[in-house]
Amino acid sequence: MPAASTTLRMLAVSVIASLTVTGCQTFEDAGVAMGRSELVNDIAARLDRALELTYSADYQLPGGQSAAIAQAQDPARSAYTYPGGRLTVTPEAITRCTTTGARPECTLVAPPTPGSKPTVTLFGEANRQGLVTPPVVVGLLSAAALDPQAVIKQSDTTVAGRHATCVEVQSSSGDFTACVTTEGVLGSFTGPVDGKPMELALSSYSATVDNSAFDPPADAGVVDRRPGGS
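In this text the structure is predicted, and so the values were computed from the model without any measurement.

Asker: Just to check I follow, could you spell out the overall build of the protein chain for this structure?
Answerer: Looking only at helices and strands, one finds 4 helices and 12 strands in the protein chain. Within the protein chain, the fraction of its 230 residues that count as buried is 43%. Across the protein chain, every contact between residues at least 6 apart in sequence was considered, and the portion connecting residues at least 24 apart equals 51%. Taken as a whole, the protein chain presents about 11,500 Å² of accessible surface, with 54% of it coming from carbon and sulfur.

Asker: Before we go on, may I ask you to explain the nonpolar core in this structure?
Answerer: If you look at soluble globular proteins, the nonpolar side chains tend to sit buried side by side. Judged by nonpolar contacts, the single largest core of 41 residues is most densely connected at Tyr59, Leu87, Leu131, Val132, Phe189 and Leu200. When residues in this core are grouped by element, the largest group, 5 residues, is from helix H4 (residues 134-145). For valine 132, the contacting residues outside a window of four places in its chain are Asn127, Val137, Leu186, Phe189, Val193, Met198 and Leu200. Among the nonpolar cores identified, the runner-up in size contains 6 residues, and Ala72, Val209, Ala213 and Phe214 belong to it.

Asker: Please clarify how the pairing of strand E8 (residues 162-170) should be interpreted in this entry.
Answerer: Looking down a regular strand, the side chains alternate between one sheet face and the other. Alignment of strand E7 (residues 151-159) against E8, held across 9 bridges, turns out to be antiparallel. Following the sheet pairing, threonine 157 is matched in E8 by alanine 164. Counting the residues in the hairpin turn of E7 and E8 gives 2 residues, including alanine 160, whose phi is positive at 55°. The sheet contact formed by E8 and strand E9 (residues 176-181) spans 6 bridges and is antiparallel. Within E9, the residue paired with cysteine 166 across the bridge is cysteine 179.

Asker: Sorry, what's going on with H4 here?
Answerer: Along an α-helix, residues three or four positions apart point the same way, because every turn accommodates 3.6 residues. Relative to the 16 Å expected for 12 residues at 1.5 Å per residue, H4 spans 16 Å between its end C-alpha atoms, a close match to the ideal helical length. Of all the 12 residues making up H4, 9 are buried; the element is thus mostly covered by neighbouring parts of the structure. When we look at burial in H4, the residues that qualify are Pro134, Pro135, Val136, Val137, Val138, Leu141, Ser142, Ala144 and Ala145.

Asker: Sorry, what's going on with the sheet that holds strand E2 (residues 66-72) here?
Answerer: Strand pairing in a sheet takes place through backbone hydrogen bonds and is either antiparallel or parallel in direction. Taken in spatial order, the 12 strands of this open sheet run E7-E8-E9-E10-E11-E1-E2-E3-E4-E5-E6-E12, and their pairing is mixed. At either end of the open sheet lies a strand with only one pairing partner, and these are E7 and strand E12 (221-224). Taken pair by pair, the neighbouring strands of this sheet meet at an average axis angle of 15°, ignoring direction. Examined bridge by bridge, strand E5 (residues 94-98) and strand E6 (residues 105-109) share 5 bridges and lie antiparallel to one another. In the strand pairing of E6, cysteine 97 is matched with cysteine 106. The sheet strands contacting H4 are E2, E7, E8, E9 and strand E10 (186-193), and the helix crosses E10 at an angle near 60°.

Asker: What's the story with the packing of aromatic side chains in this structure? I'm lost.
Answerer: In this description, an aromatic ring pair is defined by two values, namely the gap between the centres and the angle between the planes. Within the structure shown, the criterion is met by 2 aromatic pairs. Ring centres of tyrosine 55 and tyrosine 205 lie 5.8 Å apart, and the angle between their planes is 25°; this geometry places the pair in the stacked category. Of this pair, tyrosine 55 sits in strand E1 (residues 55-60) while tyrosine 205 sits in strand E11 (residues 196-206), and the two are 150 residues apart along the sequence. For the ring pair phenylalanine 176 and phenylalanine 189, a centre distance of 5.8 Å and an interplane angle of 25° mean the geometry is stacked. A residue pair is termed long-range when its members are at least 10 positions apart, and phenylalanine 176 in strand E9 and phenylalanine 189 in strand E10 qualify at 13 residues.

Cut-off values and rules
- Residues numbered from 1 in each chain as written.
- Predicted model: local features only at pLDDT ≥ 70, side-chain atom pairs only at ≥ 80, totals over all residues.
- Heavy atoms only, no water.
- Helix = DSSP H or I, 4+ residues; strand = E, 2+ residues; numbered from the N terminus.
- Buried < 20%, exposed > 50% of the residue type's maximum accessible area, 1.4 Å probe, protein only.
- Contact = heavy atoms within 4.5 Å.
- Areas by Shrake-Rupley, 256 points an atom, 1.4 Å probe, with all protein chains shown as cover.
- Core = buried A, V, L, I, M, F, W, Y, C linked by side-chain atoms within 4.5 Å.
- Pairing = 2+ DSSP bridges.
- Expected span 1.5 Å × (residues − 1).
- Axes fitted to C-alpha atoms, helices over the stretch in contact; angles between N-to-C directions.
- Phe/Tyr/Trp six-rings, centres within 6.5 Å; stacked < 30°, edge-to-face > 60°.

As structure tokens, then:
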């Protein structure tokens, strides 16, 4: 199982534990906490399952821009394409590419240690450029579930022809709506991330992926900063 799935599962378990271990809850409070923990667990479990799938998903961003997520298994690989760049994680390397110049430029660094937990900071640039990643969505849900003043509502919808469960959150730290498809793919998101308004919606989904999605652009300048790299 990919290391990322362990991270999402631990996040969900942590939220559930924090919500249920409170010595002064009334019966009504406990019911609210259980509802929130179940909701977070369901969304996290869907995102967790998606990390074990092979799929490609295209997203529409504001201003006519686009983004994409691609995943493949055996071995586990993932690629996140966003305006101005791309992040690829494979057993061989973490590759960050910028595509804003006349020629793409890519930097290779050592891959994650097998079995290690990826950090949200790995996806920082993708998030800053408008591609909200699943770990960030889980973190926002976790924070909302721990906020006793947060109002969390659930609904169902269809995104890019696929059924999705939506969570609408109203909290002091910011209101957001996230939808996750039955497969566990992020269907849509609207709300602030680190104080920046974000919005994306799934435009297409496929259970297949082109292997070239994990390679640097053919004409890219490549700097290898892995130990022993040139």
